[in-house]
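Each chain is listed here by its residues.
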Amino acid sequence: MLPRAAGLVSALALTAALSVSLAACQQPEVKSDMPPLPASATAPVVYPKDVHSYAQPQVARVKHVALDLTADFATKTLSGTATLDVTAEPGATQVILDTRNLDIRSVKDAEGKPLAFALGTADPILGQPLTVTLPTFTPGQVIKIVVDYATRPDAAALQWLTPAQTAGGQQPFLFSQGQAILTRTWVPTQDSPGIRQTYSAKITVPEALKAVMSAEMLTPDGEKAADGTHAYRFRMTNPVPPYLIALAVGDLAFASEDGRTGVWTEPSRLAAAKAEFAEVGQMVTAAEGLYGPYAWGRYDLLILPPSFPFGGMENPRLTFATPTVIAGDKSLVSLVAHELAHSWSGNLVTNATWNEFWLNEGFTTYFQNRIMEAVYGNDRAQQERVLGWDSLQAELKSLPELDTRLHLDLAGRDPDEGMTDIAYEKGAAFLETIERIVGRERFDAWLKGYFERNAFRPMTSALFLKDIRDHLVKGDGALDARLKLDEWVYQPGLPDNAVAPTSNAFTAVDTAARAFFADRGPASAIPWSGWNTQQRQRFLGWRPANLRDGADWLTNQQLADLEKTLNLANEGNSEVLFGWLQIAIAHRYQAAVPKLTQFLTSMGRRKFVLPLFTSLWAEGDWGRPLATSIYARARPGYHPVTTGSVDALVGRPAA
Ligand code: BES
Ligand code: ZN
């Protein structure tokens, strides 16, 4: 490895545009905390066909994006320029970018001369290709293209929140969500996970607000302008897939956890967030101990307003997370372990296309459990493994068989359709199977090497199979046969070498569940107060074997007993509440409707929102009118990611 200072110089020298923007920066230069790039980052890449992008990277490709954007809350637009550094093959005449729902005002070269451009036909999922005619260039030259544009108020990546939708209630808020193919709704670039780009940005916002990004912050206090705006500058010197370019703007405050970790959130949530995530520094250290150095400098969390559509999003240096993980007792922090793990699986070694999503999420779910084990002990990790396995079993029953393969073919489909427990839990079960067969020590050595060899590179199922055969199996035919690698990757369902995880902590839970649910004992016999969140989730997830669709498994009296005895009407843990509401809806339990309504109108996390509306919808004449009326109230508060999914089920409420 290069000494730190030399690494910094070479990383900076990588992008000419970067030094330009640094020179223009008024404030003293911020010392970079980014480690040097490994050689794997610059070795040539073979781009597999990405059916979710119009880009042709083998002809011309974007290497760096420099944004200069102003956030206007009155018009709900980001507008300004994206200056792209493009390299092209000799003889190339054009570069194709991905866009969706953007207003392109002009495209110019570095000297300001207009370049011809054309927007192709709009596809509802992919958007429109933006084809730009390249200026004449010499081989190897970096070609600069300046796209002047504005986003639309309904850009799918962006949510513009009114002050009333924030915790503080005084200032508006904006955040982006790029994964899977939404970055193209706010940045005109080649939006394919295999096409890594460095980026820099100048973001101009109203004076009272602060901007943060998935990048180094060069101007912690912003630069004040005479017109009452504030500009913030950022740079990301590690090349990243474009879905990891992320921005949030709001009344944000920061609290440090340790030397390299901390939390950003609205001031009123800061103390609770800092306390909840006190172990984040230990998590980073544990992760490094497992699979090698953290490659991104700082690791901070951004706790968003409750409409954030995901639990968490692994934006580099700055995980975005829902406030519903702040349970008050650290019981849901495995979400942080998950997003942190993506700093290796996903952000270093990246799924080359969305057909290979399991390489991001399956590896991350495995790694997440290992971090939990290292920081919170094997009991807790094992409980979470069992919950994951259980949800995989349910998913295997409900999905079409072809969608239970790890390697998918999502041509013509929204990449979101690959976001199932197959990628997460079948993927993790696969790695756990390999670990069990070869032993943890050998498996860890391989996995650490896999991250090193493939850092900053796109990964496919085929490349993964080659890597594990070359570096772990090493020609041992008997081992290869026992692992069933190809069957795991390419065949539906679970191969017979999978083993269900078990947890002693669930034995008593299952006994209590049978006593209450099957044998109709009193709720007072449930040792609820002695259980942790994972045990409570396990209990509420109990279902009779062979439960028919639409059938009840509880009487009204049992429901009332359960609700009252466990105080579920006042439950504050989002996962536990979710488990209870699923039971309540399935039984058309009217008394839970106020709590259900309150939950659905107070947060927009799709993992909770969509299943609850789906369950309501399944309850026909009772559930559908309820779904429609709750959705009419809740929808204005949801992010486009969540409304997109619920609209398809419930329909758009009349305006
Ligand atoms: N990268 C995902 C979120 C994602 C996936 C966004 C696909 C868009 C498309 C993130 O790491 C994730 O998996 N989040 C989970 C939490 C996790 C603990 C399983 C979530 O949001 O629920
Ligand atoms: Zn993930």
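Fair warning: this is a prediction, and the values are worked out from it, not measured in the lab.

Q: Looking at this structure, how should I read the site of ligand 1?
A: Among the 17 residues in the neighbourhood of ligand 1, the closest are listed as Gln179, Gly311, Glu314, Glu339 and Tyr424. Here glutamate 314 contributes a side-chain N or O atom positioned 2.6 Å from a nitrogen atom of ligand 1. Within the side chain of glutamate 339, a nitrogen or oxygen atom sits 2.7 Å from an oxygen atom of ligand 1. With the chains in place, 89% of the 520 Å² that ligand 1 exposes on its own is no longer accessible. At the level of elements, β19 (312-313), α5 (334-341) and α6 (357-376) are the ones that each hand at least two residues to the shell around ligand 1. Of the residues assigned to the shell around ligand 1, the class counts are six nonpolar, six polar and five charged.

Q: How should I be thinking about the pattern of salt bridges in this particular structure?
A: Note that side chains of opposite charge can pair when their charged atoms are close. On inspection of all chains with the given rule, the structure shows 33 salt bridges. Between aspartate 85 and lysine 144 there is a salt bridge, with its nearest N and O atoms 2.6 Å apart. Note that aspartate 85 is positioned in strand β2 (residues 77-88) and lysine 144 in strand β7 (residues 143-151), a separation of 59 residues in sequence. Among the residues examined, lysine 144 registers a relative accessible area of 26% and is labelled partly exposed. Put simply, arginine 413 and aspartate 403 hold a salt bridge, and the shortest N to O gap is 3.0 Å. Remark: aspartate 403 occurs in the loop between α7 (378-398) and α8 (421-438) and arginine 413 occurs in the loop between α7 and α8; sequence separation between them is ten residues. Relative accessible area serves as the criterion here: at 18%, aspartate 403 is assigned to the buried category. One network of salt bridges, in which partners are shared, links Arg370, Glu373, Arg385, Glu432, Glu435, Arg440 and Asp444.

Q: Explanation requested: the packing of aromatic side chains in the structure shown.
A: Each pair of aromatic rings is reported with the distance of its centres and the angle of its planes. All chains considered together, the criterion is met by 41 aromatic pairs. Centre to centre, the rings of tryptophan 358 and phenylalanine 464 are 5.3 Å apart; their planes meet at 90 degrees, and the pair counts as edge-to-face. Taken together, the positions of tryptophan 358 in helix α6 and phenylalanine 464 in helix α10 (residues 461-473) put the pair 106 residues apart, joining distant regions of the chain. Tryptophan 358 gets classed as buried once you look at its relative accessible area, which sits at 0%. Ring centres 5.1 Å apart and planes at 40 degrees place the aromatic pair tryptophan 446 and tyrosine 450 in the tilted group.

Q: How do you make sense of the sheet that holds strand β9 (residues 173-176) when you look at a structure like this?
A: Each strand in a sheet pairs with another by means of backbone hydrogen bonds, the pair being arranged parallel or else antiparallel. One open sheet holds the four strands; their spatial order is β8-β9-β15-β11, and the pairing between them is antiparallel. Bordering the open sheet on either side are β8 (158-161) and β11 (210-213), each of which pairs with just one other strand. Recorded for the sheet is a direction-independent mean angle of 10 degrees between the axes of neighbouring strands. For β9 and strand β15 (residues 247-250), the ladder comprises two bridges, and the chain directions are antiparallel. Its bridge partner being in β15, leucine 174 is matched across the sheet by valine 249.

Q: I keep staring at unusual backbone geometry and nothing clicks. Help me out?
A: With glycine set apart, most residues show a phi of negative sign, and most peptide bonds adopt trans. Glutamine 179 connects to alanine 180 through a cis peptide bond whose omega is -5 degrees. Tracing the chain through its elements places alanine 180 in the loop between β9 and β10 (197-206). For lysine 76, which is not glycine, the phi torsion reads 50 degrees and is therefore positive. Mapping lysine 76 onto the fold places it in the loop between β1 (60-72) and β2. Its relative accessible area of 35% is what places lysine 76 among the partly exposed residues.

Q: Can you help me understand the coordination of the zinc ion (ligand 2) in this one?
A: A metal bound by six donors in octahedral fashion has ideal angles of 90 or 180 degrees, whereas one bound by four tetrahedral donors has an ideal angle of 109.5 degrees. Taken together, the protein ligands of the zinc ion (ligand 2) are His338 (NE2), His342 (NE2), Glu361 (OE) and Glu361 (OE), with distances of 1.9 to 2.8 Å. Here the zinc ion (ligand 2) binds six donor atoms, and the angle range of 52 to 161 degrees at the metal identifies the geometry as irregular. All donor residues of the zinc ion (ligand 2) come from one chain, and their arrangement in sequence is H-x3-H-x18-E. Linking histidine 338 in helix α5 with glutamate 361 in helix α6, this pair joins segments that are 23 residues apart in sequence. As far as burial versus exposure is concerned, histidine 338 and glutamate 361 are alike and both buried.

Q: I would appreciate a short explanation of the environment of aspartate 421 in the present structure.
A: Looking at the element boundaries, aspartate 421 is found in helix α8. As for aspartate 421 and arginine 624, which are separated by 203 residues in sequence, their C-alpha atoms are 27 Å apart. Setting aside its immediate chain neighbours within four residues, aspartate 421 contacts Ser391, Leu392, Glu395 and Lys426.

Q: What am I meant to see in the side chain of arginine 536 here?
A: Considering the arrangement of structural elements, one finds arginine 536 in helix α14 (residues 533-540). At 4.7 Å, glutamate 571 is the nearest oppositely charged side chain to arginine 536, a buried residue that forms no salt bridge. Setting aside its immediate chain neighbours within four residues, arginine 536 contacts Trp528, Ser529, Trp531 and Val576.

Q: Sorry if this is basic, but what is going on with helix α9 (residues 440-453) here?
A: A turn of α-helix holds 3.6 residues, and therefore any two residues three or four places apart point the same way. In this model α9 runs 20 Å from its N-terminal to its C-terminal C-alpha over 14 residues, within 8% of the 20 Å that 1.5 Å per residue would give. Residues Phe443, Asp444, Trp446, Leu447, Gly449, Tyr450 and Phe451 constitute the buried set of α9. Buried residues in α9 make contact with α4 (280-291), β21 (349-351), α6, α8, β22 (457-459) and α10.

Q: What is the right way to read the domain arrangement of the protein from this model?
A: Bring the parts together and some accessible area is lost; that lost area is often taken as the interface size. Its domain assignment divides the protein into domain 1 (11-251), domain 2 (344-490) and domain 3 (504-650). The gap between the C-alpha centroids of domain 1 and domain 3 is 41 Å. Summing the contributions of domain 1 and of domain 3, the shared interface buries around 440 Å²; its carbon and sulfur component is 57%. Taken as a group, Ala156, Gln159 and Gln165 account for 63% of the area that domain 1 buries against domain 3, more than any other trio of residues on that side. At the boundary of domain 1 and domain 3, one finds zero salt bridges. Put simply, domain 1 and domain 3 have four residue pairs in polar contact (both at pLDDT 80 or more) between them. Tallied by class, residues from the side of domain 1 that touches domain 3 come to six nonpolar, three polar and no charged.

Q: Just to check I follow, could you spell out helix α16 (residues 574-586) for this structure?
A: With 13 residues, α16 extends 18 Å from end C-alpha to end C-alpha; this agrees with the ideal 18 Å at 1.5 Å per step. Buried residues dominate α16, accounting for 13 of its 13 residues. In the stretch just after α16, arginine 588 is the one whose phi turns positive, near 50 degrees.

Q: Teacher, can you tell me more about the sheet that holds β19 here?
A: The mixed open sheet is built from five strands, whose spatial order is β16-β17-β18-β20-β19. The open sheet is flanked by β16 (253-258) and β19, the only strands paired with a single partner. Of the strand pairs in this sheet, β19 and strand β20 (residues 318-321) are connected by two bridges, and their pairing is antiparallel. Within the sheet, the bridge partner assigned to methionine 313 lies in β20 and is phenylalanine 320.

Criteria and thresholds
- Residues numbered from 1 in each chain as written.
- Chains lettered and ligands numbered in written order.
- Predicted model: local features only at pLDDT ≥ 70, side-chain atom pairs only at ≥ 80, totals over all residues.
- Heavy atoms only, no water.
- Near = heavy atom within 4 Å.
- Polar contact = N/O pair within 3.5 Å; in protein donor to acceptor, adjacent residues only side chain to side chain.
- Areas by Shrake-Rupley, 256 points an atom, 1.4 Å probe, with all protein chains shown as cover.
- Helix = DSSP H or I, 4+ residues; strand = E, 2+ residues; numbered from the N terminus.
- Nonpolar A, V, L, I, M, F, W, Y, C, P; charged D, E, K, R; others polar.
- Salt bridge = Lys/Arg side-chain N within 4 Å of Asp/Glu carboxyl O.
- Buried < 20%, exposed > 50% of the residue type's maximum accessible area, 1.4 Å probe, protein only.
- Phe/Tyr/Trp six-rings, centres within 6.5 Å; stacked < 30°, edge-to-face > 60°.
- Pairing = 2+ DSSP bridges.
- Axes fitted to C-alpha atoms, helices over the stretch in contact; angles between N-to-C directions.
- Donors = N, O, S within 2.8 Å, 3.2 Å for Na, K, Ca; no water.
- Tetrahedral: all angles 85-135°; square planar, octahedral: opposite > 155°, others 65-115°.
- Contact = heavy atoms within 4.5 Å.
- Lys, Arg positive; Asp, Glu negative; His and termini not counted.
- Expected span 1.5 Å × (residues − 1).
- Domains from an automatic or database assignment.
- Buried area = accessible area lost by both parts, 1.4 Å probe.

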